[in-house]
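Residues per chain are reported as follows:
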Amino acid sequence: MNQPTNTAPVFSFEFFPPKNAEGAERLRKARARLAALGPEYFSVTFGAGGSTRDRTLETVLEIQREGLVDAAPHISCISASRAELMDLLQTYRDHGVRRLVALRGDLPSGAGGGTGEFRYAVELVRFIREAFGDHFRIEVAAYPEFHPQAANAEKDLEHFCQKVAAGADSAITQYFYNPDAYAFFIDRVRAMGVDIPIIPGIMPITNYTQLARFSDACGAEIPRYVRKRLQAYGDDTASIRAFGTEVVTRLCQQLLDDGAPGLHFYSMNQALPSEAVWNNLNLGPGH
């Protein structure tokens, strides 16, 4: 597995915009704990079809005002016009945002067709580069176990390479628990000429039912031994979390030992699960 080695590992945490005041307060507390670890940035997701646009914007601007960690909003081209995207990007630029996560995004439930003026993330990346030059560092998505809607594995790899060619600076993967899938993906895209950092996405394990639902939807494989152990714990939340932390810690350690250029934690707006893995890895404040 060949990864760039001329920079320090990049660590980051992802949040989703809260739905109400109570959720916003919980997120502030989680952010404060995770900010103390010294991550490179916090990313904030964008709901299907732009369903959380305003709340994503509010969360990003709040993170920017706090001044502890840079914010990186997700930008989706689904159900958005060029004018709407330009307005949003200019707002982020004016508030000091320098990093974006550019995605096609999910269609809203029941959307019978219209997807906006762009159909694919590569078009969005190209649009951002043409409109804003190098102002934004652009992250794109990568799928070591392949996008569930991809025609086939080779087409998925080609689409990823096209996003890089359009101007992506680095990539964040869908979460996975099989390090071989990541290693094979890296080797394949390196052979296709891609040389940007590709950061593994890490999903802490805290709830088996939720994890199984997410994984079935996004195509992330849960190894059989992990599924069986989690199923056996039933409602024993403490055992699920302890075993999940052990599994994810081992995964992260192997990835870092093998040269992964960082880790991107899908926090689910909680500090403790990611923090437990971080501490097990002995990364320390400011890593």
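Before reading on, note that the structure itself is shown above.
On a predicted model such as this, the values are computed, not experimentally measured, just so you know.

**Considering the pairing of strand β3 (residues 70-76)**
Taking burial as the measure, the seven residues of β3 include six buried ones, the bulk of the element. Both strand β2 (residues 41-44) and β3 contribute to a ladder of four bridges, which runs parallel. For V44, the partnering residue across the bridge sits in β3 and is P73. Here β3 runs beside strand β4 (residues 99-103); their pairing, made up of three bridges, is parallel. Bridge assignment links H74 to a residue of β4, and that residue is V101.

**Focus on the sheet that holds strand β5 (residues 137-142)**
Read once around its circumference, the closed barrel built from eight strands follows the order β1-β2-β3-β4-β5-β6-β7-β8, with strand pairing classed as parallel. Within the sheet, the average angular offset between the axes of one strand and its neighbour, ignoring direction, is 30°. In this structure, β4 lies alongside β5, joined through three bridges in parallel fashion. Across the sheet, the residue bridging to R99 is R137, located in β5. The sheet contacts of helix α2 (residues 53-66) involve β2 and β3, and relative to β3 the element is tilted by about 160°. Strands in contact with helix α3 (residues 82-94) are β3 and β4; relative to β3, the strand with the most contacts, it is inclined by about 175°.

**Here's the deal with the side chain of S76**
Mapped onto the elements, S76 comes out in strand β3. Among the polar contacts made by the side chain of S76, one reaches the main-chain carbonyl oxygen of R104 at a distance of 2.8 Å. Other than its neighbours up to four places away in sequence, S76 contacts F46, L85, L103, R104, G105 and L124.

**As for the environment of C161**
Mapped onto the elements of the fold, C161 is located in helix α5 (residues 153-166). Each C-alpha atom of the pair C161 and V122 lies 9.3 Å from the other, and the pair is 39 residues apart in sequence.

**Considering α5**
Taking 1.5 Å as the rise per residue, α5 with 14 residues should run 20 Å; its terminal C-alpha atoms sit 20 Å apart, in good agreement. Its buried side turned inward, α5 meets α4 (121-132), β5, β6 (170-175), α6 (179-191) and β7 (198-202). Phi turns positive one or two residues past the end of α5, at G167, with a value near 135°.

**Overview of the packing of aromatic side chains**
Where two aromatic rings form a pair, the distance of their centres and the angle of their planes describe that pair. One pass over the structure, following the stated rule, counts 12 aromatic pairs. Ring centres 5.9 Å apart and planes at 35° place the aromatic pair F13 and W278 in the tilted group. One end of the pair, F13, is in strand β1 (residues 10-15); the other, W278, is in helix α10 (residues 272-280), and 265 residues separate them in sequence. Of the two residues, F13 and W278, neither departs from the other in class, the shared state being buried. Following the ring pairs from residue to residue traces out a cluster consisting of F11, F13, F15, F42, F265 and W278.

**What about the pairing of β1?**
Judged by how many residues are buried, β1 sits mostly within the fold: five of six residues are covered. Relative to strand β8 (residues 262-266), β1 runs parallel, the two sharing five bridges. Of the residues in β8, the one forming a bridge with F11 is L263. Pairing of β1 with β2, which is carried by four bridges, proceeds in the parallel orientation. Within the sheet, the bridge partner assigned to S12 lies in β2 and is Y41.

Cut-offs and rules
- Residues numbered from 1 in each chain as written.
- Predicted model: local features only at pLDDT ≥ 70, side-chain atom pairs only at ≥ 80, totals over all residues.
- Heavy atoms only, no water.
- Buried < 20%, exposed > 50% of the residue type's maximum accessible area, 1.4 Å probe, protein only.
- Helix = DSSP H or I, 4+ residues; strand = E, 2+ residues; numbered from the N terminus.
- Pairing = 2+ DSSP bridges.
- Axes fitted to C-alpha atoms, helices over the stretch in contact; angles between N-to-C directions.
- Contact = heavy atoms within 4.5 Å.
- Polar contact = N/O pair within 3.5 Å; in protein donor to acceptor, adjacent residues only side chain to side chain.
- Expected span 1.5 Å × (residues − 1).
- Phe/Tyr/Trp six-rings, centres within 6.5 Å; stacked < 30°, edge-to-face > 60°.

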